Structure formats: structure tokens, C-alpha cells
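Chain by chain, the residues:
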Amino acid sequence: MEDTVFLNGEFMPRSRARISPDDRGFLFGDGLYEVTPAYGGRFLAMDRHLARLRRGSETLSIPVPEGIEALHIELLRRNHLEEAEMAIVYLQVTRGTAPRSHAFPDPPVPATVYAWAKPFQRPPMEEWEEGYSAVTTPDRRWTRADLKTVQLLPQVLGQQAAREAGATDALLVKDGIALEGAHNNVFFVFGELLVTHPASNQILPGITREIVLELAREEGIPVEERAVPLEEAKCASEMFYTGTTTEVRPTVRLDGKPVGDGGVGPVTRRLHQAFLGRISRECGLAPV
Ligand code: PLP
């Protein structure tokens, strides 16, 4: 059955949704987006996703309407996902539709607001246990990678490079620094120490990253937020990615070479378990 999407104030079947070719999201990539997960119908860290969206909205002067949380809940309901084990809601807000001209429309026009929900399936545990591979690729993004804009061409190219190499994830590298994935953040383990890039303008401040950092501190795992040169990353004993749809994903091969001993490591396992525990607690599910 066709899913129900939201566009500019109305719910409708996906096949009825239309936007103008003069939408600034289409012409300029002039828009923001968010992806928020729900487990058993309850959103995880909705407040943080909304705060990130608000920060993007204020920084870029793209107005985000009220009622976004209610919209998320209603999209789950209309798509019969209130009890889905896992679902995601995608939300996109652009600066609206106006004749093509680089500067903001004057007077301003209403934002275009588009959102949908869909079920999300975790990979089977046996696959996770095998681990995943990643390949390095140049980071070609602008200097505000911290904003979740719909200008994703560099990430598209990075993810395509991973796919062509038969890998699951891309490792974006700029000036010799291993920054993050094309749609997820990256962590390295050196001995006992967990390291990830600081939340600067060079990376997207992932909500999952933030939660995993909190969990590591709760678990007493020493953490450093600092830049990791690729040469150092290659010597990590463990490596994993975090993200809304990635959750905690172990990388056991980087550029065709084993990471550490080539198996899923103990720190990754511990944080993955802790992450599943956090989901259960926050979303009121049975403990894992
Ligand atoms: N890094 C990039 C470049 C992303 O696009 C994303 C999510 O889309 C993330 C990291 C992970 O963020 P989150 O954990 O909030 O999904």
C-alpha cells in the first residue's frame, strides 16, 4: 500500500506529492533535513534532532515551522508505524519556491516542508558479527559540514566510491585527517582509548555520536575528541561508525586491510550493547 507523506501542510499519498521546479531545494540545495528514529513508536532523542534542525535554521535563516514533533508522531500514525520495531522519519525544509536568483527571495516566501516515515530494518546479527568494510575517499565538502543541509553531492560521491569498492562505508579524509563517513560518524579505538573527531565545522555532529560518547563515559571508557590522522587510523585496534540508521557498526577492514585482528572488538561490542540498552530505556522497550 502507498505511504502517506506530508507536504506543505497536507498529508497525501506519496504519488500525489508535487513540488515546483523553482523550489530552492531543487535549484540550489538551499534546504535542511533531519532523520529521526523511532523504536516501538517512541522517538529516540527527538529533542536533540530538533535542536540540530533549529541551529541550522538559525544559522542559514531558513524558517522551520512550529509543530515538527507533532508532525513526526502523526506521520507514524498515518503510516501504521506506531508499533514498528524501528522506523525513521525524514524531514526536509527548503527556503521555498521563487524565480531563480541566488540571494534570498525578497519578500520571503513560505518554506517548503516535506516529510515521510518508513519502517527500518536492522541487519541480522550474524552480519553485524562478521563486521563491515570501509574505504578512504577524499572529503570534498564545504567548510560548514556541521550543518545538515540537503547539498549532499560530496557525500553521494563518497558513498558511491565505497559501493564501487564493495565496501559498506566511506571514510572521508581531508588534509590527511580521517573525519567521518558519508552519512555517519567514525570512532577509533587505540588500546583502551576511544577517539573521535571533535564536533567542529568539519563534521556533522551526529546525535548517535553524542549518545555513544555519553555511554562511553558512563562505562568508564577513556575518551578523546581529537583529529585522527589517517596514518594513525590505520593502526587502530577497533573502528566503528555511528548514525541514526547505522546505529553502532563495526568496521573490520579498511582499504582492504584488517582493522586490529580483523574481528569485532570488545569496546565496539560494549558500546553497541550500551546503545541498545539506551534505546530500550528511552523508548520503553523490553531490555535487550
Ligand atoms: N555524519 C554525516 C555526514 C551524516 O550525514 C550523518 C547523518 O546523516 C551523521 C554523521 C550521523 O548523524 P546522526 O547520528 O544524527 O544520524
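Scoring rules and cut-offs
- Residues numbered from 1 in each chain as written.
- Predicted model: local features only at pLDDT ≥ 70, side-chain atom pairs only at ≥ 80, totals over all residues.
- Heavy atoms only, no water.
- Patch = residues over 30% accessible without salt bridge, like charges linked within 9 Å, V, L, I, M, F, W, Y side chains within 5 Å.
- Areas by Shrake-Rupley, 256 points an atom, 1.4 Å probe, with all protein chains shown as cover.
- Salt bridge = Lys/Arg side-chain N within 4 Å of Asp/Glu carboxyl O.
- Helix = DSSP H or I, 4+ residues; strand = E, 2+ residues; numbered from the N terminus.
- Expected span 1.5 Å × (residues − 1).
- Buried < 20%, exposed > 50% of the residue type's maximum accessible area, 1.4 Å probe, protein only.
- Arc of directions from axis to C-beta.
- Contact = heavy atoms within 4.5 Å.
- Core = buried A, V, L, I, M, F, W, Y, C linked by side-chain atoms within 4.5 Å.
- Axes fitted to C-alpha atoms, helices over the stretch in contact; angles between N-to-C directions.
- Parallel < 35°, antiparallel > 145°, perpendicular 65-115°, else oblique.
- Left-handed = near helix turned anticlockwise from the far one by under 90°.
- Domains from an automatic or database assignment.
- Buried area = accessible area lost by both parts, 1.4 Å probe.
- Polar contact = N/O pair within 3.5 Å; in protein donor to acceptor, adjacent residues only side chain to side chain.
- Nonpolar A, V, L, I, M, F, W, Y, C, P; charged D, E, K, R; others polar.
- Near = heavy atom within 4 Å.

Q: Could you clarify how one ought to interpret a nonpolar patch on the surface in this entry?
A: A surface patch of nonpolar side chains, about 280 Å² in accessible area, is lined by L153, V156 and L157. Inspection of the secondary structure puts L157 in helix α5 (residues 153-164).

Q: Looking at this structure, how should I read α5?
A: Working note: α-helix, 3.6 residues per turn, so residues spaced by three or four point in the same direction. Taking 1.5 Å as the rise per residue, α5 with 12 residues should run 16 Å; its terminal C-alpha atoms sit 16 Å apart, in good agreement. Among all positions of α5, only P154, Q155, G158 and A162 are buried. All buried residues of α5 fall inside an arc of 100° around its axis, so they share one side. Across α5 from its buried face, at more than 90 degrees, point the exposed residues L153, R163 and E164. Lining the buried residues of α5 we find β7 (132-138) and β8 (169-174). At the exit of α5 stands G166, carrying a positive phi of roughly 75°.

Q: Got a minute to help me understand the nonpolar core in this structure?
A: Grouped burial of nonpolar side chains is what soluble globular proteins tend to show. Formed by 24 residues in total, the largest nonpolar core has its most connected members in L71, L75, L76 and L91. When residues of this core are traced back to their parent elements, those giving at least two are β3 (31-39), α2 (46-60), α3 (68-78), β5 (86-94) and β6 (112-119). Ignoring sequence-local partners within four residues, the contact set of L91 consists of L32, Y33, E34, L53, I68, L71, H72, V113, Y114 and A115. In terms of nonpolar packing, the next biggest core, distinct from the first, is built from 23 residues, M86, I221, L276 and C283 among them.

Q: I keep staring at the packing of α2 against helix α6 (residues 207-218) and nothing clicks. Help me out?
A: In a packed pair of helices, the relevant descriptors are the angle between the two axes and the axis-to-axis distance. Running from amino to carboxyl end, α2 crosses α6 at an angle of 130°, the nearest separation of the two axes being 10 Å. The angle between the axes of α2 and α6 places the two elements in the oblique class. The way α2 lies across α6 gives a crossing that is right-handed. Facing R48, H49 and R52 of α2, the residues of α6 in contact are I207, E210, I211 and E214.

Q: Can you help me understand the domain arrangement of the chain in this one?
A: Interface extent is often summarised as the accessible area lost during association of the parts. Here the domain parsing of the chain yields domain 1 (4-119) and domain 2 (125-283). A C-alpha centroid distance of 26 Å is found between domain 1 and domain 2. Each partner contributes residues to the interface: domain 1 has 26 residues there, and domain 2 has 23 residues. Among the residues domain 1 hides against domain 2, the three largest losses belong to Y33, R48 and R52. Together they make up 32% of the total. On the surface where domain 1 and domain 2 come into contact, there are three salt bridges. Seen at the junction of domain 1 and domain 2, the total is seven residue pairs in polar contact (both at pLDDT 80 or more). Every element with two or more residues in the side of domain 1 that touches domain 2 is listed here: β3, β4 (42-43), α2 and β5. Top element by residues in the side of domain 1 that touches domain 2 is β3. It accounts for eight residues. Classifying every residue of the side of domain 1 that touches domain 2 by side-chain character gives 13 nonpolar, seven polar and six charged.

Q: Would you mind going over the pattern of salt bridges with me for this structure?
A: Side-chain pairing between opposite charges can occur once the charged atoms of the two side chains come close. This structure, assessed with the given rule, holds 25 salt bridges. Note that R141 is salt-bridged to E180, the shortest N-O span being 2.7 Å. Pair noted here: R141 is in the loop between β7 and α5 and E180 is in strand β9 (residues 177-180), with a separation of 39 residues, a long-range link. Take E180: its relative accessible area is 2%, and that puts it in the buried class. Each of R48, E210, E214, E218, R278 and E282 takes part in a single network of salt bridges with overlapping partners.

Q: Help me out: how do you make sense of the site of the ligand in this one?
A: Near the ligand there are 16 residues, and of these K148, E180, I207, T208 and T244 occur at the shortest range. One nitrogen or oxygen atom from the side chain of T244 is found 2.6 Å from an oxygen atom belonging to the ligand. Summarising the interface, the protein chains cover 94% of the accessible area of the ligand, which totals 390 Å² for the free molecule. Tallied by class, residues from the shell around the ligand come to four nonpolar, eight polar and four charged.

Q: Before we go on, may I ask you to explain the environment of R253 in this structure?
A: Residue placement: R253 occurs in strand β14 (residues 247-254). Setting aside chain neighbours within four positions, we find R253 in contact with Y132, S133, A134, P258 and V259. Only 2.5 Å separates the side chain of R253 from the backbone oxygen of G256, close enough to count as a polar contact.

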